[in-house]
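Reading the structure
This is what each chain is made of:
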Amino acid sequence: MGWLGLDDTDSLKEGCTTYSFHLLLESLPPSVTVLSPRLVRLWPFAQHRTRGNAAVAVELHVGDEGELLEYLQRFWEEHLLPAKGRISPSKHDARVQSPADPGMVWFSNEQPAEDFYTMAVQSEVQLDEVPEADHSWGGQGRIGATAAVAWRQKKCTWEAIAWREPKRHGQNERDVCEQSLAMIDLMTSTFLSRDPRKGTGLVSPRGPCPVLFGVRARDASSALEAGNQLLAAELTEFAVGLRVFVTNQATDDHLSHSQNGTVAHVRILNRGNTVITTESGKWLAFAESGSVKKLAQWLQPGDVIEGYGLSPEFGVLHLEKLRVVSAHPNQHRPMCDECSVRMKSMGKGQGCRCPQCKQRTEDTWESVTRNPPYDSWVQPPLDARRHLARPLEWMDSTDLS
Ligand SMILES: [Zn+2]
């Protein structure tokens, strides 16, 4: 028994860690039994992150460890090591790309401490912080590989991933049957299959990587059923394999606790990105974040808000979930009883006067309640959420403070 982890075998243009892993599992020595493979998403802002920032791992039952290690060594040299240093420019992504630096780890008995997973999904981790494996290969990729092994699966979802034929790798288009996908989307356990607003599929990546599709579900059997159904459809292109991964997608494991703040200032930038300044720093609602942006733009100074998000740097929160705790009322001058016109201040300490009948009152204010456009938590639309984001619809009181 032992745990194998793998990460960072892809660049933007070539390869995919899940595909390398599939090939590795396909040709294991016959004495090895493969348990559930896992796909683990990690800290989205990691400096050396790969395209989707996902690592893979699996528990193996092993008859002959020596034979397995020999196989892993050979597979490493022939298939994984050549990926090192691969890099390619991307039209979609302006960030500087790190060259691929694959890593593979083997833990003979026990998983490394769970803390390491939490660290690697919630923060930037350095290579010298990685718990030592019984056997390890490569560089930066060992961070993700080890974190994927350390994950305890307290919350999880499932994804059936299918890969295209090698001759199709490198092409951006994929043939996945729309009609079959619409059926799959109707299954109660599947999620994020189609965007209901746009009617477009969300299962296929856009780039040239080997993945044909990944169908997500809340249980393993639905993921498998949906994946097989999609593959069997006539209009879906041929795939070389399909595997169901247990994943930390839609778990919110990347978020620690919510933050509270009082709004000091709201600024709308071009494109609609919105910056809320609070006493605890700047909270950002991105243009594509739908209701989160809409709520952010409604806010006024004095409003108390609660939010979940990631801090790529100190004092900045990228909002993923937002709600209004209390809305600061608007202050108005009273209305004139006679004319139903709002009175105006005569100057500090001078009282108010009706602009029509000139009737005067004391210097007073009236509070007018403001009702937020949403009475509870809001989240970005489907296509603007992180893989790790847990949909609000799944949450109960224990998930939200
Ligand atoms: Zn009046």
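What counts as what
Counting from 1, residues in each chain are numbered in the order their sequence is written. Restriction of local features to residues with pLDDT of at least 70 applies here, the model being predicted, together with a cutoff of 80 or more for giving and counting side-chain atom pairs; totals for whole chains, interfaces and linings are based on all residues. Strands here are runs of E lasting at least two residues and helices are runs of H or I lasting at least four, both read from the DSSP assignment and numbered beginning at the N terminus. Burial is judged by counting the other C-beta atoms within 10 Å of a residue's own C-beta: 20 or more makes it buried, 12 or fewer makes it exposed, and any count in between marks it as partly exposed, with every C-beta position built from the backbone. Distance between backbone-placed C-beta atoms decides contact: two residues are in contact if it is within 7 Å. Strand pairing is assigned whenever DSSP identifies at least 2 bridges connecting the two strands. As a rule, the C-alpha atoms of each element are fitted with a line to give its axis, helices using only the stretch in contact, and angles between N-to-C directions run from 0 to 180 degrees.

1. Some words on the environment of Ser289
Here Ser289 shows up in the loop between strand S15 (281–285) and helix H7 (291–298). Accessibility expressed as a C-beta count within 10 Å gives 25 for Ser289, which makes it buried. Linking Ser289 and Glu320, residues 31 residues apart in sequence, is a C-alpha distance of 8.1 Å. For Ser289, the residues in contact, after removing those within four places along its chain, are Leu319, Pro380 and Ala384.

2. Describing the sheet that holds strand S21 (residues 360–361)
Across the sheet, which stays open at both edges, the three strands sit in the order S19-S20-S21 with antiparallel pairing between neighbours. Edge positions in the sheet fall to strand S19 (344–345) and S21, since each of these pairs with one other strand and no more. Bridge analysis of S19 against strand S20 (residues 352–353) gives two bridges, and the strand direction is antiparallel. Opposite Ser345, over in S20, you have Cys352 as the bridge partner.

3. Some remarks on the sheet that holds strand S16 (residues 304–310)
Ordered by their spatial adjacency, five strands build a closed barrel running S13-S14-S15-S17-S16, and the pairing between neighbours is mixed. The average angle at which neighbouring strand axes cross in this sheet is 55 degrees, direction not considered. Pairing analysis gives five bridges linking strand S13 (residues 259–268) to strand S14 (residues 274–278), with the strands arranged antiparallel. When the sheet's bridge partners are listed, Val263 is paired in S14 with Thr278.

4. Concerning helix H1 (residues 17–26)
For H1, a buried count of seven out of 10 residues is recorded, marking the element as mostly surrounded by other parts of the structure. Along H1, the residues classified as buried are Thr17, Thr18, Tyr19, Ser20, Phe21, His22 and Leu24.

5. A word on the pairing of strand S7 (residues 157–164)
Within S7, eight of the eight residues are buried, which leaves the element mostly enclosed by the surrounding structure. Both faces of S7 are covered, namely the face carrying Thr157, Glu159, Ile161 and Trp163 and the face carrying Trp158, Ala160, Ala162 and Arg164. In this sheet, strand S12 (residues 239–247) lies alongside S7 in antiparallel orientation, the contact comprising eight bridges. Across the sheet, Ala162 pairs through a bridge with Leu242, a residue of S12. The pairing of S7 with strand S11 (residues 211–217) spans six bridges and is antiparallel. Residue pairing for S11: Trp163 is matched across the bridge by Val211.

Function cannot be inferred from these measures alone, as they are strictly geometric.
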